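Listed below, chain by chain, are the residues.
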Amino acid sequence: MALKRFKAMGAAIALAFWSKVAYAEFVWNFPKPVTPLAEDTLHVHNKFMLICMVIFLVVLGIMIYSIIHHRKDKGYKPANFTGPSTKAQVFWTLVPFALLLYIDFILMGIPAYHSVITMEDTKNNADMVIKVTGMQWRWQYEYMDGDAKGIKFVSNLKTPQEQIYNQAEKGPDYLLEVDNPVVLPVGKKVRILLTSNDVIHTWWVPQFGVARDAIPGFLRETWARIDEPGTYKGQCKELCGKGHGFMPVVVNAVSEDEFKKWAESKKAELAAASAVAEKEWSKEDLMALGKEVYEKNCSVCHQVDGKGVPPAFPPLAGSKIVNGPNFDAEGKLIKDSHLDRVFNGFRVMPAWKGVLNDVEIAAVVTYERNAFGNAMGDLLQPAQVKALR
Amino acid sequence: MATEASHYYVPNPSLYPFILSVGLLLMAAGFIFNINHYAVGLWMLLLGFLCVLYVLFGWFGSIIDESESGKYKAWEDRSFRIGMIVFISSEVAFFAAFFGALFYMRNISVPELASFDPNFTMYKDFLGTWPTAGPGGMVLGMEYKPPQFTPMAAWGIPALNTLILLSSGATVTWAHWGLLKDNRRQLVIGLFLTIALGILFLGLQAYEYHHAYTEMGLTLGTGAYGATFFMLTGFHGFHVTLGTIMLIVILLRSMKGHFRPDHHFAFEGVAWYWHFVDVVWLLLFVLVYWL
Amino acid sequence: MTTAAQAHEAHHDHHPTGIMRWLTTTNHKDIGTMYLVFALIMFMVGGAMALAVRAELFQPGMQLMRPEFFNQLIGVHALIMIFAALMPAATGFANWLIPLQIGAPDMALPRLNNWGFWLLPPAAILLTLPFILALFGIGDGAIATGWTFYAPLSVQEGIGVDFAIFAVHLLGISSVMGSINIIVTIFNMRAPGMTMMKLPLFAWGWLITAFLLIATIPVLAGAVTMLLTDRHFGTHFFNAAGGGDPILFQHLFWFFGHPEVYILLLPVWGFIPHILSAFSRKPTYGYKAQVYSFWAIGILSLVVWAHHVFTVGMPVPALLYFMYSTMSISLPLAVLFFCWIATMWRGAMSFETPMLFATGWIILFGIGGLTGLVLADVAADAQYHHSYFVVAHFHYTLFAGGMMGMMAGTYFWLPKMTGRMYSEKLGKLHFWLTAIAFNLTFMPQFFLGLAGMPRRIPDYALQFAEFNMISSIGAFILGLSQLIFVYNIVSCIRGQGEKAADKPWEGAEGLEWTLSSPPPYHSFTVQPVVK
Ligand code: HEA
Ligand code: HEA
Ligand code: CUA
Ligand SMILES: [Cu+2]
């Protein structure tokens, strides 16, 4: 009886296996570990699974033996014992219990203890610190020390909506690709600080053996020492709203030299971006950049056409706020104005001042005021945004 | 016992439970609509409340009638007693949740906020001492600046209230002695005093709340301290209110001549409830006001 | 004040007929029937939601719905399955069986009993109403936070969360009322001679369940109340800016949530031995050991909750404590497994449908339990946590352990309740289809989880496609096979099928089998004496 079921189960698994040979390494177990922590986790996991499998087979074996032999239609006469009656029997029922104690707290307990200690050892001998901030629905990375100190950028999902809504062929990295991957050097112990701007997210890279919650208002930490260069992918793992399935983590692990080079070029890029904040921008340039920024950051909620998803996400097309003034007569930012909403956020609407730079904010605000049928005609200069900081 | 079996009183079919559920559904939905600014909410709330009120009178009325017409004997009585004990246990668990929240915030989250790695903390000058309104910050797009407030001192009204509730525990016990001796006068006076003390307590509590809101800058929104303070004392006050109402019913019934020295579960149930409310207050006094 | 007062002293079969019979009943069997029928209906509703989820996950890409709606479906699926299907099913059996098994005239507090039931439909309405309101432009649909309500997402979300909060309040009152009733009944209504240590294991299981409910449901009620005030009245329980902590919510939730899983299964662990012993024609092995294990599980379950929040960053001692205490739950469960198998050992077994379900149940729940054990390992849990591995674990425990257990019980007692035999052929078919389709649905999810697929995502990367497809196909077979179950039950209720004997199973033991099938309206008008 039960055997039959197992045949069926085997068939199902075989079917799965057969169709998945292409991704063989992904099928049966954790993906290939690339940090000491992940290595350790894999060992512990394998060991525990094996133990459980053995227990399962033993229990199942006894049961199947009994099912086959102790049957009414074979004329088996039932015994009527209700518990161990002799001292010897009591002893033999206690043996498995003792065995299980041993399994739980020695065989499994001790390796588990060591991996917990390793996992939580985040500060000792750390070579560098990065800060990861989760927000709906993107990750922000900030390098806190070392060569890359001061670099700060946001990492967004790159997969286009057309792929998600089946209007285009899905790429090989479907849902696991970002515009700005975080870059880390190999062989260095990276201390990873985590926090969040809105709700709880979990930063997870399976091949690092690392998953830790990013909790708004709190700092959490974990660590990774990547042994091999490569691109490692993970996802946000705590339900964080409608975009939860769409906030991947992509890490580029590179050699130390390459890391230094990357840091230089990234810094130059960021400096250039802040330099242009000083200059006077033309409306066309602002509109073009604004559209780009809008579609990358805002369209998840307010939709590409600015119609929103009322009542949760208000339309920007025809919005009173968008079609209202930003500054009062003295040139001070008006509370609850368009720029105030974008800069400081409100309830579910994120605050963008920490995420977008001055040019981007100026551009997206300008864009919103002159798109989706809004026709304010005015434009916002990056310098005006900069003055608010 | 075998002969008693046929006599366990199984009440006749009754529509009250159903109406009560409908009433609660209306109240819940009404409340939700109300706090989300839909106008129907208030009306649904009101309608639901009327249903509940109707059932309270009807259901308890029939229980009182059944009790007075002698349908409840020792066996049924035992059911009520066990049931009441279990019910009060569930209330204890309810308060435990809020005490747990107090413990957690005070001993875990507030100190933790103050103890992040000094290189990276976002709360540079937050000390993490209790009482606190929190370190402040942006949350879900709303700026929260912790207000200035004066914490509630233990040795003014709260101490007086402790005294009041403790004496009310004594008076209700005294009333019980009266009932056991079949001394109706003592019963009624004892109950009356208990109710008066209960109302006095509530009055002082209301005064304290008013004071907190208007002069001490202490509100429900005053961070961890305000939230735990008002939720704990508020739910306690709500239970005192219920207890007082129940005591009033018992008083009225006593005046009508209900209860006998050997048969007065309703009285005892309410008295237990009152003692439970007392004990919760003692915990509150020590953990919320004093320490 | 009038109805009851005018009513007659005497007890007889008189009761209103038609719909009023059900609205007003104080009879434990009627109330039990209502619970069971309600549970079956909600099982369909919850199952339909699961099928919608599986349909969306059939292929990568968003096919059928928006991500918001997907999130609403999973949360409401879970809340309905747990609170409106599995728990009511268990309470239904308790209402039917406990008075019969302990020789009581009825439940101790019959009107309260009726109220306990009638709180459920309003709660179900509150859970599902937001879906309908959204169609009329009110609010943006049901709760979209999963069944766990985690703050601050649940502070941020819309009106659906308010509805779910109050649904939980009503469900909580219902469970507390049900528990009070069961505790009082077991303590006060036992037939003479029915000492506690002669109590049927089903009643024992339920007694512990009731204690757990009394201890934990109010904590959940408190937690969602704090959530409500955080949402609407400006408190800062779950808000760092005010000195609160989102993790506080998780602790409160799981202080309830973990015992809840044993609340769901203790009744099943209670009745499985009845079935095993009946079809092995051999007395239950290790009665006392099982009772003590129930106690051990009940008590341990209250102190292990934080294994659900290993990734939030707890201090090391807390991690270690919660890891080891969680592992220790496997010990009493090992005792139970031992007793179940020893009950079968050297019996004279036959495999009618209830026994098929019971044996299949042992195997499948074993898989669920053992995978639970590996989840307890903190470091590896960083990988398993909130991945499909966990989803597979808890469907092995909740669907196989919970629902299939309930199915075993249904087939076992259906003849007693309805007076009719179900179709054995269909019953067996139902078992095999369920068991096979169940594994087809959820076995691949273990591998999905290991490979790195997070749960609660409406769309996934391409390397997860095949397993998801298999799982979805399995789910639809699984769903359709439940129609056989429904058919079997309905035909018994409608009086089709053979008449059932008072004791349809040769080896069954217990007071309930001494009554006619179906039992008279008032079960034991004279309490039997147990020797
Ligand atoms: C009825 C439901 C049920 C039951 C019975 C269990 C039983 C157990 N569960 Fe499970 N669990 C859930 C329902 C259930 N669980 C749910 C719903 C979730 C997810 C919630 C959510 O996030 O939405 C969850 C999640 C969950 C987690 C969190 C995972 C995560 O999110 O990271 C953990 C971690 O420790 C865990 C552990 C256990 C353990 C140790 C048991 C033990 O009780 C199991 C004991 C049983 C056995 C061990 C098998 C039998 C014993 C033997 C055959 C003898 C020999 C065994 C040995 C001694 C090795 N469960
Ligand atoms: C008792 C509890 C219980 C039960 C019985 C089930 C039953 C099922 N569950 Fe569920 N599930 C949970 C409890 C339960 N689940 C919980 C707690 C979660 C976590 C939610 C969260 O993340 O917050 C969850 C989450 C969950 C997910 C993960 C969603 C996600 O994380 O993204 C999935 C996905 O496959 C799933 C699937 C199923 C399926 C296919 C069934 C099937 O077994 C259902 C089979 C039954 C039927 C189908 C109904 C009966 C038959 C009919 C209606 C006949 C008509 C049939 C047709 C129309 C075909 N469930
Ligand atoms: Cu961020 Cu899920
Ligand atoms: Cu658990």
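A. Representation of the environment of Asp 77 of chain B. Residues and elements named next belong to chain B. Tracing the sequence through the fold places Asp 77 in helix 3 (residues 74–114). Among the residues examined, Asp 77 registers a relative accessible area of 11% and is labelled buried. Put simply, Asp 77 and Ile 195 are 118 residues apart on the chain and 25 Å apart in space, counted from C-alpha to C-alpha.

B. Spatial organisation of the pattern of salt bridges. For the coordinates displayed, the defined rule picks out 27 salt bridges over all chains. Residue Arg 111 of chain C is joined to Glu 66 of chain B by a salt bridge in which the shortest nitrogen-to-oxygen separation is 2.9 Å. Pair noted here: Arg 111 of chain C is in helix 5 (residues 110–118) and Glu 66 of chain B is in helix 2 (residues 40–68), and the two residues belong to different chains. The class for Arg 111 of chain C is buried, based on a relative accessible area of 7%. Through salt bridges with shared partners, a single ionic network connects Lys 123, Arg 191 and Glu 221 of chain A together with Asp 117 of chain B.

C. Main features of the coordination of the iron atom of ligand 2. Residue and element names in this part refer to chain C. At this site the iron atom of ligand 2 is bound by His 77 (NE2) and His 395 (NE2), with donor distances of 2.0 to 2.1 Å. Geometry at the iron atom of ligand 2 is octahedral, judged from the 6 donor atoms that bind it and their angles of 87 to 178 degrees at the metal. One end of the pair, His 77, is in helix 4 (residues 67–102); the other, His 395, is in helix 16 (residues 388–418), with 318 residues separating them in the sequence.

D. Fine view of the nonpolar core. Counting 377 residues, the largest nonpolar core has Tyr 143 and Trp 203 of chain A, Phe 267 of chain B together with Phe 149 and Trp 269 of chain C as the members making the most contacts within it. For this core, the element with the highest residue contribution is helix 4 of chain C, accounting for 23 residues. Contacts of Phe 267 of chain B, omitting those with residues within four sequence positions, involve Val 172, Ala 175, His 176, Leu 179, Leu 187, Leu 191, Ile 250 and Phe 259 of chain B. In terms of nonpolar packing, the next biggest core, distinct from the first, is built from 29 residues, Met 287, Val 293, Trp 352 and Ala 363 of chain A among them.

E. Spotlight on the coordination of the copper ion (ligand 4). All names here are of chain C. Coordination of the copper ion (ligand 4) by the protein comes from His 258 (ND1), His 307 (NE2) and His 308 (NE2), over a distance range of 1.8 to 2.1 Å. Mapped onto the sequence, the residues coordinating the copper ion (ligand 4) show the spacing H-x48-H-H. The iron atom of ligand 1 is placed at 4.5 Å from the copper ion (ligand 4). Taken as a pair, His 258 in helix 10 (residues 246–280) and His 307 in the loop between helix 11 (287–301) and helix 12 (316–328) lie far apart in primary sequence, 49 residues in all. His 307 carries the same exposure label as His 258, and that label is buried.

F. Focus on the site of ligand 1. Residue and element names in this part refer to chain C. If you check the shell around ligand 1, you find 30 residues, and the closest are Trp 147, Tyr 262, Asp 381, His 385 and His 393. Measuring from an oxygen atom of ligand 1, one finds a side-chain N or O atom of His 385 at 2.7 Å. Of all the elements in the fold, those that place two or more residues in the shell around ligand 1 are helix 10, helix 13 (330–344), helix 14 (353–375) and helix 16. Top element by residues in the shell around ligand 1 is helix 14. It accounts for 6 residues. Its residues placed into classes, the shell around ligand 1 shows 19 nonpolar, 9 polar and 2 charged.

G. How the structure looks around the site of ligand 2. Residue and element names in this part refer to chain C. Around ligand 2 sit 34 residues in total, of which Arg 54, His 77, Trp 147, His 395 and Arg 456 are the nearest. Between Arg 54 and ligand 2, the recorded distance is 2.8 Å, taken from a side-chain N or O atom to an oxygen atom. One of the side-chain nitrogen or oxygen atoms of Gln 445 is found 3.3 Å away from an oxygen atom of ligand 2. If you list the elements that add at least two residues to the shell around ligand 2, you get helix 3 (28–56), helix 4, helix 16, helix 17 (424–451) and helix 18 (465–493). Taken together, the residues that form the shell around ligand 2 break down as 24 nonpolar, 7 polar and 3 charged.

H. Examining the confidence of the model for chain B more closely. All names here are of chain B. Across chain B, pLDDT averages 90, with 98% of residues at or above 70. Confidence, read as mean pLDDT per element, is least for strand 1 (residues 137–139) in chain B (76) and greatest for helix 1 (residues 16–35) (94). Under a pLDDT of 50 for its full length, residues 1–5 has, in the predicted model, 12 contacts with residues more than four places off or in other chains.

I. Local environment of the packing of aromatic side chains. Per the counting criterion, the structure on display carries 97 aromatic pairs over all chains. Between Phe 271 of chain C and Trp 413 of chain C the ring centres are 5.6 Å apart and the planes differ by 70 degrees, which places this aromatic pair in the edge-to-face class. Of the two residues, Phe 271 of chain C sits in helix 10 while Trp 413 of chain C sits in helix 16, which places them 142 residues apart along the sequence. Between Lys 189 of chain A and the ring centre of Trp 223 of chain A, over which it is positioned, the NZ or CZ distance is 4.5 Å. A cation over a ring is seen here: Lys 266 of chain A above Phe 153 of chain A, with NZ or CZ 4.7 Å from the ring centre.

J. Quick look at the packing of helix 3 of chain B against helix 9 (residues 201–232) of chain C. In the contact formed by helix 3 of chain B and helix 9 of chain C, the axes pass within 7 Å of each other and the chain directions differ by 45 degrees. Here helix 9 of chain C runs oblique to helix 3 of chain B, going by the angle between their axes. Both helix 3 of chain B and helix 9 of chain C take part in a crossing whose hand is right-handed. In contact with Val 86, Ser 89, Ser 90, Ala 93, Phe 94, Ala 97, Phe 98 and Ala 101 of chain B of helix 3 of chain B, helix 9 of chain C contributes Ile 214, Ala 215, Pro 218, Val 219, Ala 221, Gly 222, Thr 225 and Met 226 of chain C. Classifying every residue of the contact of helix 3 of chain B with helix 9 of chain C gives 12 nonpolar, 4 polar and no charged.

K. Quick look at the environment of Lys 123 of chain A. Among the structural elements, Lys 123 of chain A can be located in the loop between helix 5 (109–120) and strand 1 (128–135). Note on Lys 123 of chain A: relative accessible area 48%, which makes it partly exposed. With 66 residues separating them in the primary sequence, Lys 123 of chain A and Lys 189 of chain A have C-alpha atoms 9.3 Å apart. If near-sequence neighbours (up to four positions away) are discounted, Lys 123 of chain A is found in contact with Arg 191 and Glu 221 of chain A together with Asp 117 of chain B.

L. A look at the sheet that holds strand 1 of chain A. Residues and elements named next belong to chain A. If you trace the 5 strands from one edge of the open sheet to the other, you get 3-2-1-5-8, paired in mixed fashion. Only two strands of the sheet have a single partner each, and these edge strands are strand 3 (152–155) and strand 8 (220–225). Across the sheet, the mean angle separating the axes of adjacent strands is 25 degrees when strand polarity is ignored.

M. Seen up close, the interface of chain C and chain A. Taken together, the contact pairs 108 residues of chain C with 104 residues of chain A. Roughly 9000 Å² is buried in total at the junction of chain C and chain A, and carbon and sulfur atoms are behind 71% of that figure. Across the chain C-chain A interface, the total number found is 2 salt bridges. Here Glu 238 of chain A and Arg 456 of chain C are joined by a salt bridge, their closest N and O atoms 4.0 Å apart. Here chain C and chain A share 25 residue pairs in polar contact (both at pLDDT 80 or more) between them.

What counts, and where the lines are drawn
Residues numbered from 1 in each chain as written. Chains lettered and ligands numbered in written order. Predicted model: local features only at pLDDT ≥ 70, side-chain atom pairs only at ≥ 80, totals over all residues. Heavy atoms only, no water. Helix = DSSP H or I, 4+ residues; strand = E, 2+ residues; numbered from the N terminus. Buried < 20%, exposed > 50% of the residue type's maximum accessible area, 1.4 Å probe, protein only. Salt bridge = Lys/Arg side-chain N within 4 Å of Asp/Glu carboxyl O. Donors = N, O, S within 2.8 Å, 3.2 Å for Na, K, Ca; no water. Tetrahedral: all angles 85-135°; square planar, octahedral: opposite > 155°, others 65-115°. Core = buried A, V, L, I, M, F, W, Y, C linked by side-chain atoms within 4.5 Å. Contact = heavy atoms within 4.5 Å. Near = heavy atom within 4 Å. Polar contact = N/O pair within 3.5 Å; in protein donor to acceptor, adjacent residues only side chain to side chain. Nonpolar A, V, L, I, M, F, W, Y, C, P; charged D, E, K, R; others polar. pLDDT = per-residue confidence, 0-100. Phe/Tyr/Trp six-rings, centres within 6.5 Å; stacked < 30°, edge-to-face > 60°. Lys NZ or Arg CZ within 6 Å of the ring centre and 35° of its normal. Axes fitted to C-alpha atoms, helices over the stretch in contact; angles between N-to-C directions. Parallel < 35°, antiparallel > 145°, perpendicular 65-115°, else oblique. Left-handed = near helix turned anticlockwise from the far one by under 90°. Pairing = 2+ DSSP bridges. Buried area = accessible area lost by both parts, 1.4 Å probe.

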